[in-house]
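Secondary and tertiary structure notes
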Amino acid sequence: MQKIKSLMTRQGLRSPQESVHDLSPIESFRIPSKEELREVCEEPTDPQAQQEIINSIEEVYFSNDSFDIVKYELERLPPVLNLQELEEYRDKLKQQQAAVSKKVADLILEKQPAYVQELERITSLQTGLQLAAVICTNGRRHLNIAKEGFTQTSLGLLANQRKRQLLIGLLKSLRTIKTLQRTDVRLSEMLEEEDYPGAIQLCLECQKAASTFKHYSCISELNSKLQDTLEQIEEQLDVALSKICKNFDISHYTKVQQAYRLLGKTQTAMDQLHMHFTQAIHNTVFQVVLGYVELCAGNTDTKFQKLQYKDLCTHITSDSYIPCLADLCKALWEVMLSYYRTMQWHDNHDQDEAAAVSSVADGSNVIGTEENSFDRSYVKKKLEHGLSRIWQDVQLKVKTYLLGTDLSNFKYDDFIFVLDVTSRLMQVGEEFCGSKSEVLQESIRKQSVNYFKTYHRTRLEELRMFLENETWELCPVKSSFSILQLHEFKFMEQSRSPSVSPSKQPASAISTTVTLFEQYCNGGNPFEIQADSKDDETEDVLASNGYESDEQEKSAYQEYDSDSDVPEELKRDYVDEQTGDAPVKSVSRETLRSRKRSDYNLNKVNAPILTNTTLNVIRLAGKYMQMMNILKPIAFDVIHFMSQLFDYYLYAVYTFFGRNDMYESTGLSSSRLRTTLNRIQESLIDLEVSADPAGTLTAAEERKEKVPSPHLSHLVVLTSGNSLYGLAERVVATESLVFLAEQFEFLQPHLDAVMPAAKKPFLQQFYSQTVSTASELRKPVYWIVAAKAIDYEQMLLLMANVKWDVKEIMSQHNIYVDALLKEFEEFNRRLNEVSKRVRIPLPVSNILWEHCIRLANRTLVEGYANVKKCSNEGRALMQLDFQQFLMKLEKLTDIRPIPDKEFVETYIKAYYLAENDMESWIKEHREYSTKQLTNLVNVCLGSHINKKARQKLLAAIDDIDRPKR
Amino acid sequence: MSQTAMSETYDFLFKFLVIGNAGTGKSCLLHQFIEKKFKDDSNHTIGVEFGSKIVNVGGKYVKLQIWDTAGQERFRSVTRSYYRGAAGALLVYDITSRETYNALTNWLTDARMLASQNIVIILCGNKKDLDAEREVTFLEASRFAQENELMFLETSALTGENVEEAFVQCARKILNKIESGELDPERMGSDTEAVLTNGI
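Residues numbered from 1 in each chain as written. Chains lettered and ligands numbered in written order. Predicted model: local features only at pLDDT ≥ 70, side-chain atom pairs only at ≥ 80, totals over all residues. Heavy atoms only, no water.

A tally of helices and strands in chain B yields seven helices and six strands. Split into buried and exposed, the 200 residues of chain B put 61% on the buried side. A sequence separation of at least 24 residues applies to 74% of the contacts in chain B between residues at least 6 apart. Carbon and sulfur atoms make up 46% of the accessible area of chain B, which amounts to about 7,800 Å² in all. (Helix = DSSP H or I, 4+ residues; strand = E, 2+ residues; numbered from the N terminus. Buried < 20%, exposed > 50% of the residue type's maximum accessible area, 1.4 Å probe, protein only. Contact = heavy atoms within 4.5 Å. Areas by Shrake-Rupley, 256 points an atom, 1.4 Å probe, with all protein chains shown as cover.)

With respect to the helices, strands and loops of the structure, A:Gln932 is situated in helix 38 (residues 930-940). Apart from the residues lying within four places of it in its own chain, the contact partners of A:Gln932 are A:Val861, A:Glu862, A:Ala865, A:Phe903 and A:Tyr907.

Moving on, we get to the environment of A:Pro608. Residue and element names in this part refer to chain A. Along the chain, Pro 608 turns up in the loop between helix 24 (589-593) and helix 25 (612-630). Residue classification places Pro 608 among the buried positions, given a relative accessible area of 8%. With 131 residues separating them along the chain, Pro 608 and Phe 739 place their C-alpha atoms 7.1 Å apart. Residues in contact with Pro 608, not counting those within four places in the same chain, are Leu 474, Val 477, Lys 478, Ser 479, Phe 481, Phe 739 and Arg 839.

Residue and element names in this part refer to chain A. Taken together, the buried positions of helix 32 (residues 792-800) are occupied by Tyr 792, Met 795, Leu 796, Leu 798 and Met 799. Projected down its long axis, helix 32 shows its buried positions confined to an angular sector of 165°, all on one face. Relative to its buried face, helix 32 has exposed residues pointing more than 90 degrees away, namely Glu 793, Leu 797 and Ala 800. Tucked inside the fold, the buried residues of helix 32 contact helix 31 (778-789), helix 33 (815-837) and helix 34 (842-865). Measuring from the side-chain oxygen of the N-cap residue of helix 32 to the backbone nitrogen of Glu 793 gives 3.4 Å; that N-cap residue is Asp 791. (Arc of directions from axis to C-beta. Polar contact = N/O pair within 3.5 Å; in protein donor to acceptor, adjacent residues only side chain to side chain.)

Let us now look at the packing of aromatic side chains. Tallied over the entire structure, the rule returns 42 aromatic pairs over all chains. When the centroid spacing of 6.2 Å and the interplanar angle of 40° are considered together, the rings of A:Phe481 and A:Phe739 count as tilted. With a gap of 258 residues between them, A:Phe481 in the loop between helix 16 (438-469) and helix 17 (490-494) and A:Phe739 in helix 29 (residues 727-754) connect regions that are remote in the sequence. Like A:Phe739, A:Phe481 is buried. Within the aromatic cluster, the residues linked to one another by ring pairs are A:Phe415, A:Tyr451, A:Phe452, A:Tyr455, A:Tyr624 and A:Phe641. It is B:Lys53 that lies over the ring of B:Phe33; its NZ or CZ is 4.7 Å from the centre. (Phe/Tyr/Trp six-rings, centres within 6.5 Å; stacked < 30°, edge-to-face > 60°. Lys NZ or Arg CZ within 6 Å of the ring centre and 35° of its normal.)

All right, on to the pattern of salt bridges then. Side chains bearing opposite charge may pair, as long as their charged atoms lie close to each other. Residue and element names in this part refer to chain A. Throughout the structure, instances matching the rule amount to 42 salt bridges over all chains. Here Glu 442 and Arg 445 are joined by a salt bridge, their closest N and O atoms 4.0 Å apart. Placement of the pair is Glu 442 and Arg 445 together in helix 16, with a separation of three residues, close to one helical turn. For Arg 854, the salt bridge identified is with Asp 900, shortest N-O distance 2.8 Å. With Arg 854 in helix 34 and Asp 900 in the loop between helix 35 (872-892) and helix 36 (901-909), this residue pair connects regions lying 46 residues apart in the sequence. The class of Arg 854 is partly exposed, set by a relative accessible area of 29%. Exposure remark for Asp 900: the relative accessible area of 13% places this residue in the buried category. Among the charged side chains, a network of salt bridges with common partners joins Arg 457, Glu 461, Arg 464 and Glu 468. (Salt bridge = Lys/Arg side-chain N within 4 Å of Asp/Glu carboxyl O.)

What follows concerns a nonpolar patch on the surface. Judged by side-chain polarity, A:Leu167, A:Leu170, A:Leu171 and A:Leu174 come together as a nonpolar surface patch covering roughly 320 Å² of accessible area. By the secondary structure assignment, A:Leu167 is in helix 7 (residues 83-192). (Patch = residues over 30% accessible without salt bridge, like charges linked within 9 Å, V, L, I, M, F, W, Y side chains within 5 Å.)

Now for the confidence of the model for chain A. Chain-level pLDDT for chain A is 77 on average; 80% of the residues reach the 70-or-more range. Overall, residues 531-599 of chain A carries pLDDT values under 50, and its contacts beyond four positions in sequence, including any with other chains, amount to 152 contacts. (pLDDT = per-residue confidence, 0-100.)

Moving on, we come to the packing of helix 29 of chain A against helix 33 of chain A. The relative placement of two packed helices is expressed as an angle between their axes plus a distance between the axes. All names here are of chain A. Following both chains from N to C, one finds helix 29 and helix 33 inclined at 55°, their axes separated by 9 Å at the closest point. With respect to each other, helix 29 and helix 33 are oriented oblique. Taken as a pair, helix 29 and helix 33 cross one another with a handedness that is right-handed. Only Leu 831, Val 834 and Arg 837 of helix 33 make contact with helix 29, whose side of the interface consists of Leu 727, Ala 728 and Glu 729. For the contact of helix 29 with helix 33, a count of residues per class yields four nonpolar, no polar and two charged. (Axes fitted to C-alpha atoms, helices over the stretch in contact; angles between N-to-C directions. Parallel < 35°, antiparallel > 145°, perpendicular 65-115°, else oblique. Left-handed = near helix turned anticlockwise from the far one by under 90°. Nonpolar A, V, L, I, M, F, W, Y, C, P; charged D, E, K, R; others polar.)

All names here are of chain B. Along the chain, Asn 126 falls in strand 5 (residues 120-126). Taking the C-alpha atoms as reference points, Asn 126 and Leu 91, 35 residues apart in sequence, are found 9.8 Å from one another. In this structure, Asn 126 is in contact with Thr 24, Gly 25, Leu 29, Val 92, Tyr 93, Asp 94, Ile 95, Thr 155, Ser 156 and Ala 157, ignoring residues within four places of it in sequence. Within the local environment of Asn 126, its side chain forms a polar contact with the backbone oxygen of Thr 24, the two atoms lying 2.9 Å apart.

A few words on the sheet that holds strand 4 (residues 88-94) of chain B. Residues and elements named next belong to chain B. One open sheet holds the six strands; their spatial order is 2-3-1-4-5-6, and the pairing between them is mixed. One side of each edge strand has no neighbouring strand; the edge strands of this open sheet are strand 2 (48-57) and strand 6 (151-154). Going across the sheet, the axis of each strand differs from the next one's by a mean of 25°, ignoring polarity. Sheet analysis places strand 1 (residues 12-20) next to strand 3 (residues 60-69), joined by seven bridges and oriented parallel. Paired with Leu 17 across the bridge in strand 3 is Trp 67. Taken strand by strand, helix 4 (residues 104-114) contacts strand 1, strand 4 and strand 5, and its axis lies near 170° from that of strand 4. (Pairing = 2+ DSSP bridges.)

Another aspect to go through is the pairing of strand 6 of chain B. All names here are of chain B. Covered by surrounding structure in strand 6 are Met 151 and Leu 153 together with Phe 152 and Glu 154, the residues of both alternating faces. Pairing of strand 5 with strand 6, which is carried by four bridges, proceeds in the parallel orientation. Paired with Leu 123 across the strands is Phe 152, a residue of strand 6. For the segment spanning strand 5, helix 5 (residues 138-147) and strand 6, crossover handedness is right-handed. (Right-handed = clockwise from strand over helix to strand, strands pointing away.)

It is worth spelling out the nonpolar core at this point. By size, the foremost hydrophobic cluster in this structure holds 239 residues, and its most contacted members are A:Trp472, A:Phe489 and A:Phe824. A per-element tally of this core places helix 26 (residues 635-658) of chain A first, with 17 residues. Those residues in contact with A:Phe824, other than ones at most four positions away along the chain, are A:Ile790, A:Trp849, A:Cys852, A:Ile853, A:Ala856, A:Phe885, A:Leu889 and A:Leu892. Core analysis: the next-biggest nonpolar cluster, separate from the first, contains 33 residues, B:Phe14, B:Val62, B:Val163 and B:Cys170 among them. (Core = buried A, V, L, I, M, F, W, Y, C linked by side-chain atoms within 4.5 Å.)

Our next topic: the environment of A:Leu402. Residue and element names in this part refer to chain A. Counting through the fold element by element, Leu 402 comes out in helix 14 (residues 366-404). For Leu 402, a relative accessible area of 0% translates into the label buried. Placed 88 residues apart in sequence, Leu 402 and Thr 314 show a C-alpha to C-alpha distance of 9.7 Å.

Glancing now at the pairing of strand 2 of chain B. All names here are of chain B. Here strand 2 lies mainly inside the structure; seven of its 10 residues are buried. As defined by bridge partners, strand 2 adjoins strand 3 across 10 bridges and the pair is classed as antiparallel. Bridge pairing in strand 3 places Val 57 opposite Lys 60. Where strand 2 folds back on strand 3, the antiparallel hairpin that results is connected by two residues, among which Gly 58 adopts a positive phi of roughly 55°.

Take unusual backbone geometry next. For the peptide bond that leads from A:Arg896 to A:Pro897, omega is -15°, which places it in the cis range. Here A:Pro897 is to be found in the loop between helix 35 and helix 36. Look at A:Leu724: it is not a glycine, yet its phi comes out positive at around 55°. Within the secondary structure, A:Leu724 is located in the loop between strand 2 (707-708) and helix 29. One non-glycine residue, B:Lys36, lies in the positive phi region at around 60°. Secondary-structure assignment places B:Lys36 in the loop between helix 1 (26-35) and strand 2.

This part takes up helix 5 of chain B. Residues and elements named next belong to chain B. What helix 5 keeps buried is the set Ala 141, Phe 144 and Ala 145. Projected down its long axis, helix 5 shows its buried positions confined to an angular sector of 100°, all on one face. In helix 5, the exposed positions that point more than 90 degrees away from the buried face belong to Leu 139, Gln 146 and Glu 147. Packed against the buried residues of helix 5 are strand 4, helix 3 (98-102), helix 4, strand 5 and strand 6.

This is the structure we're talking about:
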């Protein structure tokens, strides 16, 4: 535009010539000067000619390029320059130029008016344009004013308005965000209030809300914070869940469950719960045991905390063992109760839910309920499965505790308490998951056997001490004494029939069919109650050394302080006899049969004969039986130990009173008794110790099961003839053994009832081979007395002095008979003396008399067999003597028939037999010794047997003798 | 004599007697001593009961083998046989019963005659807790004890007061006698079965 403008202005100012000049510099350059132009114009102006001239112009001149004409023309010059020619040529060129100039001037002139006209128009256009420019400038100026004054403001206003609206929205969001951020506080408040479902709900809502604001950068922070909070809530929830394990609370648990449901983690919660229970069991027992260990250690040394539970258990002292066990059980009970109540909660909850679902079964939320029911069945399965797992855990923990301490030195009461607690725990287990508690039973069995071994060993030692201090004095008890009156046998009173075993604890629970869980569901603790009643119960069951007796015992023993009550007792006995009342059961049958009293117990009541030691054994038996009732699994061991008590007593009585080196004769003890004694000696008696006290230590372990043979108290004198060689003590000892055997017989059905079937043969064998042999001990024991009481040797000497080859029938018996009778009278007197001290039961006096008479009769036969020569009259004298003896003897004793009477009579009368009869007689009567038979034959020689017959008879005796050897 | 249990170790074994009239609380004393409990349902002892306990006397472990005898007359023949070889005795009377106090002389004679002249006896006035019903004064009894060369304590089986002390003091006196050579532990029992042994 500028260019145009400047062009316009220049044209306006310049002459057209100038303008033309301007237009083409090259042209103007070529334009000839005015002088030239005049020259051209002076030239002929014939157009034709001119045209021809123009045409003759060489083409080269028309080229527009920067063609150097001068050079061109110079080059065209011929080699030889000819002025003429050059002149001509120059003219020609001049003409040509003039023609061209003329032409150009013509053309210019031709266009002049058009040019002028055009120029005028351009000028007017220029003016118009200048005007337009002014208008434009003004317009723009006005526009600018308008722009500034109006559009910008209102647009700004609009923009601000928009901004405001946005900001209001932002503020709202920010407020929400602020609230969201504040919810954190509220959340923790809720957590403190344990409103987990609320907290989770809130948290979830917050998260949802936050997600709508996620374009804010601060929100992502909040979001992560919320996530953290949620996780924190979950953690807290987990903690809350774990609290359930120790103290179940319905509302608490309901909240927790709701919370987990909100989180959609019902199953996880269940797994978690089981983990917590396992953990709770572990922590609980550890804490309880640790508490006691630290308490006992008396310092808060942390070393215990690092111990394994198992090792920790071994640090429990025996003093704290029981309270710790009780606490342990209490704590575990609470855990199990929590579990039980958890299950209960789920049961109830399921029912409620099932009811709710069935009522709203419109299918709208089928998927949800399906999921729920799946969860529910999962939970149910899990919980049911968990029962046995938890019980197993509990058992193992308790087992570790139980076996951690050696209970063998515990007091009986204490040990029983441990058993009671454990059996109660087993009852809990039974109710908890129907478990038979094999683990507990096994550990309790182990401990029991171990304990009982030690207990029994101590008791055996004690029994030995009792035996060695026993002077075999009669322990005065009433005739109506029964072991059932003893404290230790009270339990049998409670359950008369042995089939109903008196297991104390479960009976009450079962009979009322209220399980412990139902009973203590809302508080209380089954182990608590036991601990409280411990004193009553144990005291009752376990009079450890029988310090106390009870009312019945009192009645059994009292009224004895003076002798004055004896007649009364007698009267009562007579009354019994007359009315035929069945006498008290424990009085032995034998003594009952002997109501027709022997001479020796007229002044005494038929009280059982027993010693302090017997009582001790009986009481021990009672305690052992109580032990069996509580501890059925080790019943066999207990019975076995109990049989040892009897064995030892039997063995002691035998060694004290039945074994006599001088008179020991294998024929006296039955083979059964000998077998029994040998068995006892082998299994129970530690022979080495008695022989070599220094060796006690060497093999103590292997002899643990054995006891040394007891020694008879030195206060007991068995050598005095006046006391019939300790007859009183022998009677007390032997008869107390018989009494003990009777008591054992009485207990047999009870023992049989608790004995496992497989072990019953042991019991039968014990009874048939040991208990029943008790009375057989009488024979060797009293035989010793009988053998010493009468001086048989003296009699043999007296008999040897008698002449038997008398020729006339004598009317007077020999003095040896008197001597013998005197001995018997003395024996009778002493027997009476002894019976003043001790009642001698009829079987005993009978045995004594029988032994004495047998020995006397055998001595008589022996004496008669010593006779060298004998006449018929002498033989008659023998008969007379024997008759005299029998007659007097029968006045001394009630025993009928006189034992071995035939033995003497037959021997005497055999003398009269003829040869043939004699031979068959010899063959028939093997009870006589070879010496006696030979003598018989020899004394007959010369009267009615000849030498030949004698040879024959002696041969017959040899024949009989031979197979004997 | 072998020890009764593996865990038991002691230096001496003393045989003790508890004697005195019926109802003076002999069994209760023993029970209190062993079990540390009062036996309130106690009744008359039949024959002889037994209890043992190991006590520490001046650093020595002494096992006391205690025979608790029946006080009733009718058991006298049974109980007397347990006197032999006893190293110590608790002679018990009831401070609320003069009768039991009056019988002391007889019990004392019995003990010295049947057990040993050297037997160490401690006189125990039991039922100290029943002071209101007292019939025998402390002074009177302590004079009696002095005259008869007895140790003397008033005890209560109910509260346990002086119970352990009675046994321990008696055991200490015996130990002292052994240490001074006045008593020969080997001969004290004069039985082949040593009533008092140097244990392990």
